[in-house]
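# Overview (structure and organization)
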Amino acid sequence: QVQLVESGGGLVQPGGSLRLSCAASGSIFSIYAMGWYRQAPGKQRELVAVITSGGNINYLDAVKGRFTISRDNAKNTVYLQMNSLKPEDTAVYYCNARMSMVVATAYWGQGTQVTVSS
């Protein structure tokens, strides 16, 4: 089992920045990849960024150049640095730990709200 706790969300003006954190505990050495998803009301959840155990990183096209995913293995924590935020970035952001590259077995955090508005 893996437990995930997100933090760092909040209200920010357009063009501002936030850093989300996801602290993982439990069977952390079995994790294949960790990623950040987001979901706005009435819309499907979408993958924002992912980093695999091998260090491969992928981003949603809409956030490329603005968001950076990183990890601190010593702290068992994954971060999402979000710069140049736009109103369309407003969503609940969820941390996800994936157990396999083929099967999408995963654990989820509770989510943290990000609101970009003036």
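Since this is a predicted model, take the numbers as computed values, not measurements.

### Thoughts on the environment of Ile57
For Ile57, the location among the structural elements is in strand E6 (residues 57–59). Taking the C-alpha atoms as reference points, Ile57 and Asn73, separated by 16 residues in sequence, lie 16 Å from one another. Excluding its chain neighbours within four sequence positions, the residues that come into contact with Ile57 are Val50, Ile51 and Ile69.

### Let's talk about the sheet that holds strand E3 (residues 18–26)
Strands sit in the order E1-E3-E8-E7 across an open sheet of four strands; the sheet is antiparallel. Among the strands making up the open sheet, the edge pair consists of strand E1 (2–7) and strand E7 (67–72). Across this sheet, the average inter-strand angle for adjacent strands is 20 degrees, counted without regard to direction. As judged from the six bridges shared by E7 and strand E8 (residues 77–82), these two strands associate in the antiparallel manner. Residue pairing across strands places Thr68 opposite Gln81, the latter belonging to E8.

Quick notes on the rules
- Residues numbered from 1 in each chain as written.
- Predicted model: local features only at pLDDT ≥ 70, side-chain atom pairs only at ≥ 80, totals over all residues.
- Heavy atoms only, no water.
- Helix = DSSP H or I, 4+ residues; strand = E, 2+ residues; numbered from the N terminus.
- Contact = heavy atoms within 4.5 Å.
- Pairing = 2+ DSSP bridges.
- Axes fitted to C-alpha atoms, helices over the stretch in contact; angles between N-to-C directions.

Taken by themselves, the reported measurements are silent on function.
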